[in-house]
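# Examining the three-dimensional arrangement
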Amino acid sequence: MFVNVHGYGKVNDKGVEFYHNLFAECHKRHVEPFVTLHHFDTPEALHSNGDFLNRENIEHFVDYAAFCFEEFPEVNYWTTFNEIGPIGDGQYLVGKFPPGIQYDLAKVFQSHHNMMVSHARAVKLYKEKGYKGEIGVVHALPTKYPLDPENPADVIAAELEDIIHNKFILDATYLGHYSEKTLAGVEAILAANGGSLDLREEDFEVLEAAKDLNDFLGINYYMSDWMEAFDGETEIIHNGKGEKGSSKYQIKGVGRRVAPDYVPRTDWDWIIYPQGLYDQIMRVKKDYPNYKKIYITENGLGYKDEFVDNTVYDDGRIDYVKQHLEVLSDAIADGANVKGYFIWSLMDVFSWSNGYEKRYGLFYVDFETQERYPKKSAHWYKKLAETQLIE
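The following paragraphs examine the structure supplied in this document. Predicted model only: the values in this text are computed from it and were never measured. (Residues numbered from 1 in each chain as written. Predicted model: local features only at pLDDT ≥ 70, side-chain atom pairs only at ≥ 80, totals over all residues. Heavy atoms only, no water.)

### Some points on the overall build of the protein chain
Within the protein chain one finds 11 helices and 15 strands. Reported as C-alpha extents along the three principal axes, the dimensions of the protein chain are approximately 55 × 50 × 40 Å. In the protein chain, which comprises 391 residues, the proportion classed as buried is 52%. The long-range share in the protein chain, meaning contacts at least 24 apart out of those at least 6 apart in sequence, stands at 70%. Accessible surface, the protein chain: about 17900 Å² in total, of which carbon and sulfur atoms supply 52%. For the protein chain, the distance from the average position of its 40 positive side-chain charges to the average position of its 63 negative side-chain charges is 3 Å. (Helix = DSSP H or I, 4+ residues; strand = E, 2+ residues; numbered from the N terminus. Buried < 20%, exposed > 50% of the residue type's maximum accessible area, 1.4 Å probe, protein only. Contact = heavy atoms within 4.5 Å. Areas by Shrake-Rupley, 256 points an atom, 1.4 Å probe, with all protein chains shown as cover. Lys, Arg positive; Asp, Glu negative; His and termini not counted. Charge placed at Lys NZ, Arg CZ, Asp CG, Glu CD.)

In structure tokens:
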């Protein structure tokens, strides 16, 4: 970021210079940067002022985007936001991100809505200015299934959970409004949990204007969830330390996550289900035919790596990626316009609410010395990238 202490106004010239140098180095090494404007990083001053619940920050985001579009013509691919869904979820439902508010579904939806308005305004501006590159948004889209597809109550639970995490933001992106079924679900959720939304006519005017302007949709996919009907109070326990079986998720008026026994899961209770990626892509193709094209912008396995002989023998990670690439191939064969795949991640990094134990990288990082070591998956993925053959 290159904002000042106020979060808006005069830019930090050293920050601007850093990114010009970074993009130049990328192109020098034949790397095409896909640049994300916002990745869980609202400036602290604006975050403390309500983040995207504060409509003033819509204006600040659009100003920031406008500056970037003009300042960095060397960037050919822009993403407005990374993971609008998990931002609202983490801040206002689970409470694992600042400000640490739990179970406030109205704030979740309002944050989603205001961020989507910000996205739409930035996309509209980009297209009106006639910039030569492409612009889109990245959504995390965990697929939701009813535990018992023959039980209408479980089906409803899955549909409501899907609205919270997927359908509300997809409707805003590609319909330019919320469908009757989506709004009915939101109303049911708020009736059970309290709160109301501020949805304005001018919001829908800009959503409508931008719905066909997205050049691509980025999908971040790691897991799916199964939902069953639930009659009780909301309780969510976030498994942030990899203690398998310690998580809990049940929402009043929505449902409870209960995965089938036959489905594998990680130590963080993330359900490993490659078919969910296929199903999510095909849902986008069917329900939002104006999507144009898809990139898989994040996919990978968070793992407790065991560092042995200056490497990690992470066959589980290789298998995870292989299975997801196979269903991706199936989706393309079945008519989905998927144009690229980005693995998460090149090297081990700090994993937001999970600390340093949850490692995703192809390269192992010794966080004390900052030395990097290729894992078995790095050699496998290098060969895959060179040959485009899954072995």
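### Points about the sheet that holds strand β5 (residues 216-220)
With respect to topology, 6 strands assemble into an open sheet ordered β1-β2-β3-β5-β10-β13, the strand pairing being parallel. Pairing within the sheet leaves two strands with one partner each, and these edge strands are β1 (34-38) and β13 (338-341). Within the sheet, the average angular offset between the axes of one strand and its neighbour, ignoring direction, is 30°. As paired strands, β5 and strand β10 (residues 294-298) are joined by 4 bridges and run parallel to one another. Among the inter-strand pairings, Ile219 is bridged to a residue of β10, identified as Ile296. Where helix α6 (residues 152-174) meets the sheet, its contacts fall on β3 (134-140) and β5, and the angle it forms with β3 comes to roughly 165°. Across the sheet, helix α9 (residues 275-287) touches β5, β10 and β13, and the angle it forms with β10 is around 140°. (Pairing = 2+ DSSP bridges. Axes fitted to C-alpha atoms, helices over the stretch in contact; angles between N-to-C directions.)

### Concerning the side chain of Asn82
Along the chain, Asn82 falls in strand β2 (residues 77-82). Residue Asn82 is classed as buried on the basis of its relative accessible area of 4%. At a separation of 3.2 Å, a polar atom in the side chain of Asn82 contacts the side chain of His39. (Polar contact = N/O pair within 3.5 Å; in protein donor to acceptor, adjacent residues only side chain to side chain.)

### Regarding the sheet that holds strand β7 (residues 235-237)
The strand order β4-β6-β9-β8-β7 describes an open sheet built from 5 strands, whose pairing is mixed. Lying at the two open borders of the sheet, with one neighbouring strand each, are β4 (143-146) and β7. Between one strand and the next, the sheet's axes are offset by a mean angle of 30°, whatever the strand orientation. In the sheet, strand β6 (residues 224-228) pairs with strand β9 (residues 255-257) via 2 bridges, with the strands oriented antiparallel. Counted as the bridge partner of Met227 is Arg257 from β9.

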